[in-house]
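Secondary and tertiary structure notes
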Amino acid sequence: MLAESLFVMLGTLSVIGALGMLIARNPVSSALWLILTLFCVAGLYLTLSAEFIAVVQVLVYAGAIMVLFLFVIMLLNLGTMPTMKGVGWKKAVGFVLCVVVLTQLVLIGATGLDLLPATEVVDVANAGSATTIAKSLFTRYALAFEVIGILLLVATIGAVMLAKRRFA
Amino acid sequence: MNPDLTILLIVLLPAAGAVLNGLLPLFWPRLRKHETVIGTVGTGMVAVPFVLTVVLFVQGYGDPHVATFYTWMGAGDFTVSVAYRVDHLSLIMALVVTGVGALIHLYSVGYMHGDRSYWKFFAYLNLFIFMMLNLVLADNLLVMFLGWEGVGLCSYLLIGFWYEDLKNSAAATKAFVVNRIGDFAFLLAMFILVREVGSLDFATIFAGAEAMSQGTISAVVLLLFIGATGKSAQIPLFVWLPDAMAGPTPVSALIHAATMVTSGLYLLARLSSLVLLAPTVMGVIALTGALTALVAATIAMAQTDIKRVLAYSTVSQLGFMFMATGVGAFFVAIFHVVTHAFFKACLFLGSGSVIHGMHEVEHSLRHKGYRGAFDPQDMRTMGGLKRFMPRTGRTYLMATLAISGIPLTAGFFSKDEILFKAFEFGLDGHAFAWIVWAVGLGTALLTAFYMTRSYMLTFEGAPRWPRADEVQPHESPWTITMPLVVLASLSLIGGFIGLPHLAEKIGLTNWIHGYLAGHEGHPGPVAEAATQTHVGMPAEVGLILLGSAIAVVGVWWSWRFFACHGLGGDALIQGRFKGLYRWWKRSYYWDEFYDRTVVRGVIGGAEHGLAPLDVRLVDGAVNAVAKAAQRISDCVRRLQTGVVQAYALAIVLGVIVVIALIVS
Amino acid sequence: MEIALSWYLTLAAVLFAIGVAGVLLRSNLIIILMSVELMLNAVNVTLVAFSQSMGDVSGQILVFFVMSVAAAEAAIGLAIVIAIFRNKLSVDINDFNLFKW
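Reading guide: rules and limits
Residues numbered from 1 in each chain as written. Chains lettered and ligands numbered in written order. Predicted model: local features only at pLDDT ≥ 70, side-chain atom pairs only at ≥ 80, totals over all residues. Helix = DSSP H or I, 4+ residues; strand = E, 2+ residues; numbered from the N terminus. Buried ≥ 20, exposed ≤ 12 C-beta atoms within 10 Å, placed from the backbone. Contact = placed C-beta atoms within 7 Å. Nonpolar A, V, L, I, M, F, W, Y, C, P; charged D, E, K, R; others polar. Domains from an automatic or database assignment. Expected span 1.5 Å × (residues − 1). Core = buried A, V, L, I, M, F, W, Y, C linked by C-beta atoms within 7 Å. Pairing = 2+ DSSP bridges. Axes fitted to C-alpha atoms, helices over the stretch in contact; angles between N-to-C directions. Parallel < 35°, antiparallel > 145°, perpendicular 65-115°, else oblique. Left-handed = near helix turned anticlockwise from the far one by under 90°. pLDDT = per-residue confidence, 0-100. Bend = angle between axes of the 7 residues up to and from the residue.

Here we come to the overall build of chain A. Counting its regular elements, chain A contains six helices and zero strands. Counting the 168 residues in chain A, one finds 27% classified as buried. Long-range pairs, those at least 24 residues apart, make up 57% of the contacts in chain A with a sequence separation of at least 6.

Here you go:
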């Protein structure tokens, strides 16, 4: 019962945050709304007993990425912008498409689960602990881990190059 | 030595020479000056294969030895290999090609001295020898065709060797185009054979010949013969050979007298057992040969350019060889190929030596301020050269006697054998052979006459060039005269490899007949028409005496005539024959005829028929396609708005479709 | 802990659709980038939910990698935004049509 109410609460909040991001005129408030959503998602991870991912979510998304966003917004000194410049046909089509995507995804979520292979749930309690993830990450996925490190290095260099004044 | 390796060396050394002489100086211009090195490499790369061929010959290879090197192409059941076949026929041809080739290379060392493209000349010559060896050693028609086209290419390159002169380029193009007509027929013959037999290997073709219908065989042989008329300069495709004399003289000797032009004969001899199955076509071959021999001999009577006389004489002698082929005496044709290679190469090289000397005369004349026209190849300005160039004169005379058929020279044996075979074939009930025999006799007389005329006008009498008392030519260097001496000796004694039938009475045999056609129960590479009747001994003696008499009379008559009248002899002949002489002089207006009909026809057809078609239909279609593409893209490019969100929209649309496809 | 998998999936679907709407409807480049982040989060939610329901830790490892890629993408994307802003003094996506024919 507690878990359900927790889920409902976090879920509602995250959707509100997302909608807020979508609607807000000021980019700064958009970013703040998104941070709310990200925190709620972290909470949802907790309800799924994925503690490690939840912590990383807070650290990386809410902590690092969103701070980067806010930093850029302030650096560019962007003022308030109109959310919608009239309702063009493109916007209308976009909206319709969103609704179609939503319907499709919900339908799949509600009905398509029979397609999943039946598996036995094992060791639910420790599944999301840092120990379990680390064991897997540094043995089976060691190579992918190294590669992702290199990717981040390359991205860092790329970002520096792109943002340098000479390049502009 | 391993025979396969030997064969490979024989074929590849000239190719190596072509590459060395062609590519190194091309990228390293300083090498071009080193004539000695280039000449030595060029000559050596032909001389060594000659020695190797002699080794094969002495070791007695020739029960057909096939050396397969690799599979050129294979498609289903049809395969073509690069394979070389050494048997008695290809050995004899390879001996001639490399032997005469080596001598002519040596000759070119001196003859081409000082030429700007000395290196290129030797590269082309070596390439030619390589291609010619491919042609004669090939074990299947396609490799042979490779060589066939290759020698055509080299011929083109060498005729147009001094391409700065537009006349030479035109002659080269003419030779190439006319040859292509014949090559086309050769190709068609190969297509038919592939369809009927499924293979181009000689052995398979012979094995499959019996299964073919008479009509097919006739078609194949006729097409092959048309191919041969192109390469071997027979009516109606002989017009390129006289013009081919535009090339340097060694080229005329090697390609347009001794080797390449005989490849048509070789082709027919190689496929002799197939040819024998088409008796009708054999008649065509023999009559074409006879007609060509006569026509070319009459034209040669009236030429004044020393090389053109020899060119028409070559055409005429090739006609003789086709007569032999047509009466089923293939080995005699090859015999004449060999002897002709000796004396005609000698004659050409002799004429080259003369031209070399006359160039010297021209040079001195210009030096002394002479301004008039001077053609170093015109016999009318020569005369009396015997005194200044004794060795050239003597060898030229020996070769002249040989080609005229003076008894016991090389030409006597081979020409007599041809006439004898024609006679025998006629006796066997083939009416056309009588015509061939008669024409052959007449042409032999003409040959003796016009060849002696060319000798007399060039070497005897008094010098006729301007200021002859001050300006005199000198004998050519040893690299030029040495090949002359060797070839002249061969012209005198080379005929003893093919003694007449009569010699069997005193225990001697016709060696070349046994070598090529084999003996009872052991057939050689060249088939032979089976004759029912045998010419009796008295008739044979009579024929030989007749042939000898004709040759002697022709030479003697011409000698007396031109010794008496000198250059005026030509005018006397002209006065005697009047209109006919004009026809001879202008080669029966053959070129004009082709120009009026074929060339103008093609050009006119292209201008009035095909050009509008090309502009309207072909170009129209191409432009329409381009315009349609432009119109369509004009519409479609509007999709590319450049607005990122439009692309995102398209992506989402795609996602929806994909999801729908997966779920449904 | 007994919440049905389909609830999480539905929630993720809603978040994803909002992200799509943000990409398609907003014209501010930065907000579009944020919407992309939101879509990635929605996918992460489904991954964790599946991982939990199937008792396989691989799903969470994948989330870990997705986060790393998202970080890289945000860094590069924002750098590009800065570069573009220097050129055009705008972050409105309708101002750029460099790809236009």
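Turning to the overall build of chain C, a few remarks are in order. When you go through chain C residue by residue, the secondary structure sums to three helices and zero strands. Helices and strands in chain C line up, N terminus first, as α-α-α. Judged by the C-alpha coordinates and their principal axes, chain C covers about 50 × 25 × 25 Å. Buried residues in chain C amount to 58% of all 101 residues. Sequence-distant contacts in chain C: of pairs separated by 6 or more residues, those separated by 24 or more amount to 46%.

This paragraph deals with unusual backbone geometry. For the bond from Ile-235 of chain B to Pro-236 of chain B, the omega torsion is 10 degrees, close enough to zero to count as cis. Mapped onto the elements, Pro-236 of chain B comes out in the loop between helix 8 (214-231) and helix 9 (240-243). The phi dihedral of Tyr-589 of chain B is positive, around 55 degrees, even though this residue is not glycine. For Tyr-589 of chain B, the location among the structural elements is in the loop between helix 24 (579-585) and helix 25 (590-636). Judged by the 13 C-beta atoms lying within 10 Å of it, Tyr-589 of chain B falls in the partly exposed class. The phi dihedral of Leu-89 of chain C falls on the positive side, at around 55 degrees, and the residue is not glycine. Here Leu-89 of chain C is to be found in the segment after helix 3 (58-88).

It is worth spelling out the interface of chain A and chain C at this point. With 74 residues of chain A at the contact, the number on the chain C side is 60 residues. For the side of chain A that touches chain C, the secondary structure elements donating two or more residues are helix 1 (2-23), helix 2 (27-47), helix 3 (51-76), helix 4 (89-111), helix 5 (130-139) and helix 6 (142-163) of chain A.

How big an interface is tends to be stated in terms of the accessible area lost upon association of its parts. The interface is formed by 10 residues belonging to chain B together with 10 residues belonging to chain C. Across the side of chain B that touches chain C, the residue classes break down as five nonpolar, four polar and one charged.

Let's shift gears to the domain arrangement of chain A. Each assigned domain of chain A is listed here: domain 1 (1-80) and domain 2 (129-168). Placing the centre of domain 1 of chain A and that of domain 2 of chain A at their C-alpha centroids yields a distance of 23 Å.

Let us now look at helix 4 (residues 118-137) of chain B. Taking 1.5 Å of rise per residue, the 20 residues of helix 4 of chain B would be expected to cover 28 Å, and the 29 Å separating its terminal C-alpha atoms lies within 8% of that figure. Burial runs high along helix 4 of chain B: 20 of the 20 residues are buried.

One finds Leu-224, Met-323, Ile-334 and Ala-345 of chain B to be the most contacted residues of the largest nonpolar core, which totals 206 residues. Residue contributions to this core peak at 20 residues, all from helix 15 (residues 330-367) of chain B. Beyond its immediate chain neighbours, meaning those up to four positions away, Ile-334 of chain B contacts Leu-89, Ile-92, Leu-265, Ala-269, Leu-516 and Val-526 of chain B. Leu-22, Ala-50 and Ile-73 of chain A together with Ala-70 of chain C belong to the second-largest nonpolar core, a separate cluster that totals 76 residues.

On to the pairing of strand 1 (residues 65-75) of chain B, then. All names here are of chain B. When you tally the buried positions in strand 1, you get zero out of 11 residues, a small fraction of the element. One ladder, built from nine bridges, connects strand 1 with strand 2 (residues 78-86); its direction is antiparallel. Bridging from a neighbouring strand, Met-73 pairs with Val-80 of strand 2. Between strand 1 and strand 2, which pair antiparallel and follow one another directly, the connecting turn spans two residues, one of which, Gly-76, has a positive phi of 65 degrees.

Bringing the packing of helix 2 (residues 35-59) of chain B against helix 3 (residues 88-111) of chain B into the picture now. Helix-helix packing is characterised by the crossing angle of the two axes and by the distance between the axes. Residue and element names in this part refer to chain B. Packing of helix 2 against helix 3 leaves a shortest axis separation of 8 Å and a crossing angle of 155 degrees. By the criterion of interaxial angle, the relationship of helix 2 to helix 3 is roughly antiparallel. In this structure, helix 2 meets helix 3 at a crossing whose hand is left-handed. Contacts between helix 2 and helix 3 pair Gly-39, Gly-42, Thr-43, Val-46, Ala-47, Pro-49, Phe-50, Thr-53, Leu-56 and Phe-57 from the former with Leu-91, Ala-94, Leu-95, Thr-98, Gly-99, Gly-101, Ala-102, His-105, Leu-106 and Val-109 from the latter. Of the residues that constitute the contact of helix 2 with helix 3, the class distribution is 12 nonpolar, eight polar and no charged.

Before going further, it helps to spend a moment on the confidence of the model for chain C. Here chain C averages 87 in pLDDT, and 95% of its residues register 70 or above. The ipTM value of the predicted complex is 0.89, and its pTM value is 0.71.

Residue and element names in this part refer to chain B. The end-to-end C-alpha separation of helix 15 is 54 Å, in line with the 56 Å expected for 38 residues at 1.5 Å each. Its axis deflected by about 30 degrees at His-340, helix 15 carries its strongest bend there. For helix 15, the buried fraction is high: 31 of the 38 residues fall into the buried class. Gly-369 sits one or two residues past helix 15 and shows a positive phi near 90 degrees.

Residue and element names in this part refer to chain B. Looking at where Ser-351 falls in the secondary structure, it is placed in helix 15. Assessed through the 25 C-beta atoms surrounding it within 10 Å, Ser-351 is described here as buried. Among residues more than four places away in sequence, those in contact with Ser-351 are Thr-249, Ile-306, Lys-307 and Leu-310.

All names here are of chain A. One can describe the packing of helix 1 onto helix 2 by two numbers: an axis separation of 8 Å at closest approach and a directional angle of 155 degrees. As the angle between them shows, helix 1 and helix 2 are arranged roughly antiparallel. In the packing of helix 1 onto helix 2, the handedness of the crossing is left-handed. Here helix 1 contributes Ala-3, Leu-6, Phe-7, Leu-10, Leu-13, Ser-14, Gly-17, Ala-18, Gly-20 and Met-21 to the contact with helix 2, which in turn contributes Ser-30, Trp-33, Leu-34, Leu-36, Thr-37, Cys-40, Val-41, Gly-43, Leu-44 and Thr-47. For the contact of helix 1 with helix 2, the residue count by class is 13 nonpolar, seven polar and no charged.

Residues and elements named next belong to chain B. Summarising the element assignment, Gly-352 is placed in helix 15. For the pair Gly-352 and Pro-250, spaced 102 residues apart in sequence, the C-alpha separation works out to 7.3 Å. Not counting chain neighbours up to four residues away, the residues in contact with Gly-352 comprise Tyr-111, Thr-249, Pro-250 and Ala-253.

A word on the environment of Ile-226 of chain B. Residue and element names in this part refer to chain B. Checked against the element boundaries, Ile-226 lands in helix 8. Classification of Ile-226 as buried rests on a count of 23 C-beta atoms within 10 Å. As a C-alpha pair, Ile-226 and Leu-237 span 11 residues in sequence and 8.7 Å in three-dimensional space. Beyond its immediate stretch of four places on either side in the chain, Ile-226 contacts Gly-182 and Ala-185.

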